[in-house]
Amino acid sequence: TWHLTKIPQIVSERTFSLDSPKFEAKTKLELNSVCGIECQRKLPVPSLSDLRNLLSYETVFENGTRTLTEVNVLGLALDPAGNTTTQRSLRKKRQIYGTDSRFSIYDKRFMTNFPFNTAVKISTGCSGILISPKHVLTAAHCLHDGKDYVKGSKRLRVGLMKTKSRGDGRKRKGAKRNGMPSFQWTRVKSTHIPKGWFKGVSGDVALDYDYAVLELKRPHKRKYMELGISPTIKMMPRSMIHFSGFDNDRSGQLVYRFCSISDESNDLFYQYCDAEPGSTGSGVYLRLKEPNKKKWKRKIIAVYSGHQWVDVNGEQQDYNVAVRITPLKYAQICFWIHGNDENCTQG
């Protein structure tokens, strides 16, 4: 079952204007040379001052203007254990591990209903997930390469799967469904990215902050996925995670997969869920039961960051990696959604 966790507070200290971005970076759906499992074990525990810097954030608006908001962190107990990881065997494989275990969702009855209809397409080529009537969670590197915003993020749009396309009601009985979702594209009003993602601020731990929230210009009326605090592997039923996105090798299709997590650090899940570029930014969720209820409750506990090459013992090792929603990240994302910390005391 889901357990409530007391959440630290993210409080806005001051906001000031920055120069408009150049929007000249190229979108990269696969990252290189990030801090892997062994590197994570050696990292020192961030100080409160470090966390204030890493969790401060930039906001880019649709007219191209940009602000920086500095934050303070209240009510946080620092973990002296640092970036501990579990000791598990590693495999050297590619994004598809053995038999391809992904499922393409063809039937519109599933595609346009919860939980699959919470998956969205980002105009830069990534995926995302609905987390409020006006907000989408995705990966930061879909919008920013660590130094500048990518070209396509200047006029960013989000594609929501249509529940009914024109002419659906006039189809002949027994007509074949092509399984290709159609999209209703919505402009993005603003984008929030933590400073921890920017090169020069976070160094080797940048991947820990590979998440961003988009505010839509117009609210939607469909069911969205709630946020949850990412539990440890031991606290998950069979360590099983799920996510859906729009993989590039299955053009136009919604692709669903589930698998067990293989390893973890304080901020990352290392797993072998089959995936291809395009699914980056998908919301990773768990199915658990609410206390005293029989129904499943799904909550997002991570953001799929994609296929990552890292150095392990001087050799290149690869994983499919997801960024965990820790209590601090929950507090920040919740603050971005509500504009205050009053609604974000427990998660």
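Residues numbered from 1 in each chain as written. Predicted model: local features only at pLDDT ≥ 70, side-chain atom pairs only at ≥ 80, totals over all residues. Heavy atoms only, no water.

Asker: Could you clarify how one ought to interpret a positive patch on the surface in this entry?
Answerer: Taken together, the side chains of Lys26, Lys28, Lys147, Lys151 and Lys199 present a region of like positive charge at the surface. Looking at the secondary structure, you find Lys151 in the loop between strand S8 (135-138) and strand S9 (157-161). (Patch = residues over 30% accessible without salt bridge, like charges linked within 9 Å, V, L, I, M, F, W, Y side chains within 5 Å. Areas by Shrake-Rupley, 256 points an atom, 1.4 Å probe, with all protein chains shown as cover. Salt bridge = Lys/Arg side-chain N within 4 Å of Asp/Glu carboxyl O. Lys, Arg positive; Asp, Glu negative; His and termini not counted. Charge placed at Lys NZ, Arg CZ, Asp CG, Glu CD. Helix = DSSP H or I, 4+ residues; strand = E, 2+ residues; numbered from the N terminus.)

Asker: In this structure, what is going on with the pairing of S8? I would like to understand it.
Answerer: Looking along a regular strand, one sees side chains alternate from face to face of the sheet. Because side chains alternate across S8, one face comprises the buried residues His135 and Leu137, and the other comprises Val136 and Thr138, equally buried. Between strand S7 (residues 127-130) and S8, which pair antiparallel one after the other, the connecting turn spans four residues. Where S8 and strand S11 (residues 212-216) come together, four bridges link them in antiparallel fashion. Opposite Leu137, over in S11, you have Val213 as the bridge partner. (Buried < 20%, exposed > 50% of the residue type's maximum accessible area, 1.4 Å probe, protein only. Pairing = 2+ DSSP bridges.)

Asker: It is not clear to me how helix H4 (residues 327-338) should be interpreted in this structure. Could you clarify?
Answerer: Helical periodicity: at 3.6 residues per turn, an α-helix aligns residues three or four positions apart in one direction. With twelve residues, H4 extends 16 Å from end C-alpha to end C-alpha; this agrees with the ideal 16 Å at 1.5 Å per step. Burial analysis of H4 places ten of its twelve residues in the buried class, which makes it a mostly covered element. Along H4, the residues classified as buried are Leu328, Lys329, Tyr330, Ala331, Gln332, Ile333, Cys334, Phe335, Trp336 and Ile337. (Expected span 1.5 Å × (residues − 1).)

Asker: Help me out: how do you make sense of helix H2 (residues 48-55) in this one?
Answerer: Looking only at H2, the buried set comprises Leu51, Leu54 and Leu55. Along the long axis of H2, the arc covered by the buried residues comes to 85°, so they all point the same way. Contacts from the buried residues of H2 go to strand S1 (9-18), strand S3 (57-61), strand S4 (66-74), strand S10 (183-194) and H4. (Arc of directions from axis to C-beta. Contact = heavy atoms within 4.5 Å.)

Asker: When you look at the nonpolar core in this model, what are you seeing that I'm missing?
Answerer: One broad trend across soluble globular proteins is that nonpolar side chains are buried collectively. Core analysis: the largest hydrophobic core is formed by 69 residues, its most contacted members being Leu55, Ile131, Leu137, Val158, Leu227 and Ile333. The next biggest cluster of nonpolar side chains, apart from the first, holds 17 residues, and it includes Cys259, Ile261, Ala275 and Ala302. (Core = buried A, V, L, I, M, F, W, Y, C linked by side-chain atoms within 4.5 Å.)

Asker: Sorry if this is basic, but what is going on with the pattern of salt bridges here?
Answerer: Side-chain pairs of opposite charge can arise where the charged atoms are in close proximity. Overall, the coordinates contain twelve salt bridges when judged by the stated rule. Arg187 is paired through a salt bridge with Glu62; the nearest N and O atoms lie 3.9 Å apart. With Arg187 in strand S10 and Glu62 in the loop between S3 and S4, the pair connects residues that are 125 residues apart, well separated along the chain. According to the relative accessible area criterion, Glu62 is partly exposed, its value standing at 29%. Where Asp247 meets Arg102, a salt bridge forms, and the shortest distance between an N and an O atom there is 3.1 Å. Here Asp247, found in the loop between strand S13 (240-245) and strand S14 (254-264), pairs with Arg102, found in the loop between S4 and strand S5 (103-105); they are 145 residues apart in sequence, far enough to count as distant. Overall, Asp247 belongs to the buried group, its relative accessible area being 1%.

Asker: Can you help me understand the packing of aromatic side chains in this one?
Answerer: One pair of aromatic rings is described through two measures. These are the centre distance and the angle between the planes. For the structure shown, the criterion picks out twelve aromatic pairs. Consider the rings of Phe183 and Phe246, whose centres lie 5.3 Å apart with planes at 70°: the pair is edge-to-face. Note that Phe183 is positioned in strand S10 and Phe246 in the loop between S13 and S14, a separation of 63 residues in sequence. The pair formed by Phe183 and Phe246 is uniform in burial state, with each residue classed as buried. For the ring pair Tyr211 and Trp336, a centre distance of 6.2 Å and an interplane angle of 40° mean the geometry is tilted. Residue Tyr211 is found in the loop between S10 and S11, and its partner Trp336 is found in helix H4; the two are separated by 125 residues along the sequence. Note on accessibility: Tyr211 and Trp336 belong to one class, buried. Ring pairing ties together the aromatic residues Tyr57, Tyr209, Tyr211 and Trp336, which thus form one cluster. Sitting above the plane of the Phe114 ring, Lys223 keeps its charged end 4.2 Å from the centroid. Directly above the ring of Trp296 sits Arg287, whose terminal nitrogen or CZ lies 4.6 Å from the centroid. (Phe/Tyr/Trp six-rings, centres within 6.5 Å; stacked < 30°, edge-to-face > 60°. Lys NZ or Arg CZ within 6 Å of the ring centre and 35° of its normal.)

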